[in-house]
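# Structural features, examined
This is what each chain is made of:
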Amino acid sequence: MSMDYTDFTGPRWVEIDTDAIAHNVRRVKNALQAGTRLMAVVKADAYGCGAPEVARAALAAGADMLGVTTLEEGLELRAGGVTAPVLMFAPLLSQEAGQAVRHRLTPSVSHPGVLPALAAAARERGEVVDIHLKVETGMGRTGLAPEDIVPVALSLRGYPELRLEGVYTHFATAVYADSFVRTQFDRLQAALEDLKEAGIAVPVRHACNSAATFGFPEMQLDMVRVGTLLYGQYPGGGNKGWGLDLKDPWRVKARILHLREAPAGTSVGYGRDHILKKSTRVAVIPLGYADGLTVSPLVRPKNTVDLFKILVKTVAAFWGYGRAEVTVAGRVTPVIGRVGMQLSMVDVSHVPGVKLGDEVEAGLRRLNTNPRLPRVYLRSGQPYLVRTIQGEMSLAEEGVDH
Ligand SMILES: *Cc1c(COP(=O)(O)O)cnc(C)c1O
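Residues numbered from 1 in each chain as written. Predicted model: local features only at pLDDT ≥ 70, side-chain atom pairs only at ≥ 80, totals over all residues. Heavy atoms only, no water.

## Comments concerning the environment of V282
For clarity, the threshold we go by: Counting from the N terminus, the helices are DSSP H or I runs at least four residues long and the strands are E runs at least two residues long. A contact between two residues is defined here by any heavy atoms of the two lying within 4.5 Å.
Structurally, the position occupied by V282 is in strand β14 (residues 280-285). Taking C-alpha positions, V282 is 6.0 Å from V348, a pair spaced 66 residues apart along the chain. Sequence-distant contacts of V282, defined by excluding residues within four places in its chain, comprise H258, L259, R260, A262, L276, I336, M345 and V346.

Structure, rendered in structure tokens:
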């Protein structure tokens, strides 16, 4: 019996093209300086794409290491069968040390208080645990003060179970390419210089996120930590002229659940905000603000240009411009009326032959997209895996027709 894979997903899902991720990994890796390694950052469920599957694709395409924020995210990769090295950016609590060591997840040390617990866990297992020291150079978040780097590194001599693998920092303004990036980099370099003078070897020095990797290529050091670019996006938006030719792996799809011809004067949706001016073919789709439709983060304007842009958008919204849009049969169609929690209305009057069950594509922001939307993974254009919050299902084994 033939089945469509959307039998497993219901009428809304996200397609993730793992070939596009692999392409982006290769493009980034090939553009790095000789000898610079690539950490694929798969935090926040791989920016909404699904961490275990993205990690597998990135590693197969040449990523050297993975990066996540929390222990929980590291454990999810291990549970998903990913065995590659994983650096956790957030400071670990001492009570998390045992799990981190047991699952060979690499901690970032931002405070020496966690070292005894890490060493004890390593000793118990008879293992040597790699750690990275995080240096606070201007992000104002986590990390050791630069003057504490040498004392903490020297204290590691009292813990033969711990090996200093890396030292790194994180930039606050790389996306603005301002001079503070240089200030932070210089502070890191000074700390590294101090370590060298103290006779301490640092195998892996790293600083760059996506924006810095190509905005300041001279700062790539031994490794770069790249997220945004691997997902086909450019930090701060726009193609930066970096010649990377990235591909977008992300498509949100939904099926039309209801379709009707509504006469002029009909009001559509909550608050009766939208009154049809003429007879309109209205489609209902199973996406709303609970799923991330039109939800965008409120950005505090950074300068007067930003402020002006936000004002223009707000005024445009007042006149009905800039509303959410979806694409039906290749045509961009506006969402009409207020976006509902889970159901929204679309004007499909100008889409010839549109019918119930047709696919629409919506531009949802990855990190605002509801994790309950099933993720369908594609390879060579074919779906091979569906991940829902209930679990994963391989489509190849189910003999699903495409
Ligand atoms: C998120 C993150 C990155 C990757 O940032 P992108 O701009 O998405 O490339 C690198 N390093 C740290 C510490 C991060 O938290």
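Let us keep going from here.
## Remarks on the layout of surface pockets
For the record, the criterion: Note on definitions: the grid is 1 Å and covers protein atoms alone; a cavity is a set of points where a 1.4 Å probe fits but cannot get out; a pocket is an open set with protein on both sides within 12 Å along at least five of seven lines; lining residues have an atom within 4 Å of a point. Grid points are joined across faces, edges and corners, and a volume is the space filled by probe spheres set on the points. Gly falls in the polar group here, along with every residue not listed as nonpolar (Ala, Val, Leu, Ile, Met, Phe, Trp, Tyr, Cys, Pro) or charged (Asp, Glu, Lys, Arg).
A volume near 190 Å³ is recorded for the second largest pocket. Lining the second largest pocket are P85, V101, R104, L105, T106, E127, V128, V129, D130 and E165. Its residues assigned to classes, the lining of the second largest pocket shows five nonpolar, one polar and four charged.

## Here's the deal with the domain arrangement of the protein
So the rule is basically this: Note: domain ranges come from an automatic or database domain assignment.
Looking at the assigned domains, one finds that the protein contains domain 1 (18-232) and domain 2 (257-356). Centre-to-centre separation of domain 1 and domain 2, based on C-alpha positions: 41 Å.

## Some points on the side chain of T266
Note the cut-off: Definition of a polar contact: a pair of N or O atoms within 3.5 Å, with one able to donate and the other able to accept a hydrogen when the atoms are protein atoms, and with sequence-neighbouring residues admitted only if both atoms are side-chain atoms.
Relative to the elements of secondary structure, T266 occurs in the loop between β11 (258-262) and β12 (267-268). One polar contact links the side chain of T266 to the main-chain carbonyl oxygen of P263, over a distance of 2.6 Å. Contacts of T266, omitting those with residues within four sequence positions, involve R260, H274, I275 and L276.

## What about the packing of aromatic side chains?
Stated precisely, the cut-off is as follows: Stacked, tilted and edge-to-face are the three classes assigned to paired rings of Phe, Tyr and Trp, where Trp is represented by its six-membered ring and a pair needs centres within 6.5 Å; plane angles under 30 degrees give stacked, over 60 edge-to-face, the rest tilted. Working definition: with a 1.4 Å probe on protein chains only, accessible area under 20% of the residue-type maximum means buried, over 50% means exposed, and in between means partly exposed.
One pass over the structure, following the stated rule, counts four aromatic pairs. Judged by centre distance (6.5 Å) and plane angle (55°), the ring pair of F89 and Y168 falls under tilted. With F89 in strand β4 (residues 86-91) and Y168 in strand β7 (residues 162-168), this pair connects stretches of sequence that are 79 residues apart. The class for F89 is buried, based on a relative accessible area of 15%. Note on F214 and W242: the rings are 5.7 Å apart at their centroids and 45° apart in plane angle, and the pair reads as tilted.

## Structural notes on the pattern of salt bridges
Think of it this way: side chains of opposite charge can pair up when their charged atoms draw near. So the rule is basically this: Any carboxyl oxygen of Asp or Glu within 4 Å of a side-chain nitrogen of Lys or Arg constitutes a salt bridge here.
Under the criterion given, the structure shown has 19 salt bridges. Measuring nitrogen to oxygen at the nearest pair gives 2.7 Å for the salt bridge that ties E161 to R123. Here R123 lies in helix α7 (residues 115-125) and E161 lies in the loop between α8 (149-155) and β7, a separation of 38 residues in the sequence. Overlapping salt bridges, with partners in common, bring together D248, R251, E361 and R366 in one network.

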